[in-house]
Amino acid sequence: MDIFIWLFDLTVCAVMVLLAAQSLMVKDLFWAIVSYILFGLSLALVWARLGAPDVALAEAAIGAGLTGALLLTTAAAISQVTEKH
Amino acid sequence: MDTRTFFLYAVAGVVLFGIGFHGILFCRNLVRKVLALNLMGAGIFLVFVALSTRAPSGTPDPVPQAMVLTGIVVAVSATALMLALIRRLYRETGFTELPCDLED
Amino acid sequence: MDSSGWAVGSRLGAVLIAVIVGLVGYAVWTFPSEFSGLSDHAIAELQHAGTSNPVTAVLLNYRSYDTLLEMAVLLLAVLAAWALVGGGVNEVCLVSEVSNPVLRGFVRVMTPLSILVSAHLLWLGDHAPGGAFQAGAILASAGVVLFMAGIDWSHKLPAWLERVLLTIGLFAFTGVGIVLMLTGRSFLEYPPATAKWLILMIEVFCGVSIAAALVSVFLGGRLRSRQTVLKKGS
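Bear in mind that the values here come from a model prediction, so they are computed numbers and not experimental data.

Reading guide: rules and limits
Residues numbered from 1 in each chain as written. Chains lettered and ligands numbered in written order. Predicted model: local features only at pLDDT ≥ 70, side-chain atom pairs only at ≥ 80, totals over all residues. Heavy atoms only, no water. Helix = DSSP H or I, 4+ residues; strand = E, 2+ residues; numbered from the N terminus. Rg over C-alpha atoms; globule rule 2.2 N^0.38 Å. Buried < 20%, exposed > 50% of the residue type's maximum accessible area, 1.4 Å probe, protein only. Contact = heavy atoms within 4.5 Å. Areas by Shrake-Rupley, 256 points an atom, 1.4 Å probe, with all protein chains shown as cover. Lys, Arg positive; Asp, Glu negative; His and termini not counted. Charge placed at Lys NZ, Arg CZ, Asp CG, Glu CD. Buried area = accessible area lost by both parts, 1.4 Å probe. Salt bridge = Lys/Arg side-chain N within 4 Å of Asp/Glu carboxyl O. Polar contact = N/O pair within 3.5 Å; in protein donor to acceptor, adjacent residues only side chain to side chain. Nonpolar A, V, L, I, M, F, W, Y, C, P; charged D, E, K, R; others polar.

Visitor: Whenever I open this one, the overall build of chain C confuses me. Can you help?
Guide: On a plain count of helices and strands, chain C comes out with 10 helices and 0 strands. Helices and strands appear in chain C in the N-to-C order α-α-α-α-α-α-α-α-α-α. On C-alpha atoms alone, chain C measures out to a radius of gyration of 23 Å, which is more than a quarter above the 17 Å that the 2.2 N^0.38 rule sets for 234 residues. With the C-alpha coordinates of chain C rotated into their principal frame, the extents come out at 65 × 60 × 35 Å. The proportion of buried residues among the 234 residues of chain C is 45%. Put simply, of all contacts in chain C between residues at least 6 apart along the chain, 76% involve residues at least 24 apart. For chain C, the accessible surface area stands at approximately 11,600 Å², while carbon and sulfur atoms represent 72% of it. A gap of 17 Å separates the mean positions of the 13 positive and 13 negative side-chain charges of chain C.

Visitor: Any chance you could explain the interface of chain B and chain A here in plain terms?
Guide: Interface size is often expressed as the accessible area that is lost when the parts come together. Opposite the 39 residues of chain B that make contact, chain A presents 41 residues. Across the chain B/chain A interface, buried area totals approximately 3,500 Å², and carbon plus sulfur atoms make up 80% of it. Looking at the side of chain B facing chain A, the largest losses of area belong to Tyr-9, Arg-32 and Leu-35 of chain B, adding up to 19% of the total buried there. For the pair chain B and chain A, the interface holds 1 salt bridge. A salt bridge links Arg-4 of chain B to Asp-2 of chain A; the nearest nitrogen and oxygen atoms lie 3.7 Å apart. Here chain B is connected to chain A by 5 residue pairs in polar contact (both at pLDDT 80 or more). Secondary-structure elements contributing two or more residues to the side of chain B that touches chain A are α1 (3-26), α2 (30-52) and α3 (62-93) of chain B. In terms of residue class, the side of chain B that touches chain A is built from 28 nonpolar, 8 polar and 3 charged.

This is the structure we're talking about:
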């Protein structure tokens, strides 16, 4: 049982760090933002694992949801004007 | 919480901080810099919450958790402000990236 | 700057990152593996705090200055976005003008449910995970999702109501503090008997303000959308 929890911790940490790195390295800004949203969701999982359900709820709603919406909106605003020019 | 778990998540937080710091220094796209700043903040939050699990009684310390909760809302305010600045900058100048000095 | 200057600069940057990350990592490594911090104090005082969720107690009772100033930070972000972008409807809504009926139908079912979940979380924050921030965030995401489905719900909002919604959390919080000062206590020092209801009242107003602020930053700084822009864009 203990080894499974340890494996879970390792996997979640690895996924989180890889998503973070991907969101800065992938060429297309849209995919960078999508990676960031996924990173936020994995972070919410980590908060729940670390015994912080209050923070997990806030992270899932604000950190992943609304920040993602804001970033996508800005990316759309920037690219839409580019297409008009 | 087991000591190994605490160190694993704290070290992951430090790694995230490093990734975000790298992005702030080396990404030229401004939206990418905003992402990097958020990653840096997330790393600090992760170290902080990992520290809160060290209580011998087993129930995590609520004070760092509450401060991280405050921090998340402040981070989203700062992100909104930075994105508004980027949109205005784009409207005024047409740039969303810092100028590259390499070609000069 | 020539390319060799850039290379030197980037090498310096890499060294800086390595040094700072190394120092932070060393600091984390040397932390003691058991440390109770403030949790014993926080839990010992819980019976006077007016709530049985320790995180809510820290946020709205022990460290309520933090939360008060956080509301101010959120309001400042909205005002700055208002000044910089000028409000209106944002571009995602223009894109989703041709949104499909399935999305609209789904959103019409989900919105009342989100409002219900939000109210439930607010009430639950007293004794279980939840509270004003989570409730406000879920209410705000309901509003944002409506816009993303192409439903413009806030263009008829009167200008005064927009301002009231954005500021009521900060005003209610400060007002409670001042009234408590008038009764001879210090700022935001709740009497244990009424602490529960004062905290709940502050949380309701703050939740509404947080939701309004988060929707506003999504709409470029204003809660009220400009429908004319929406029509022009389609």
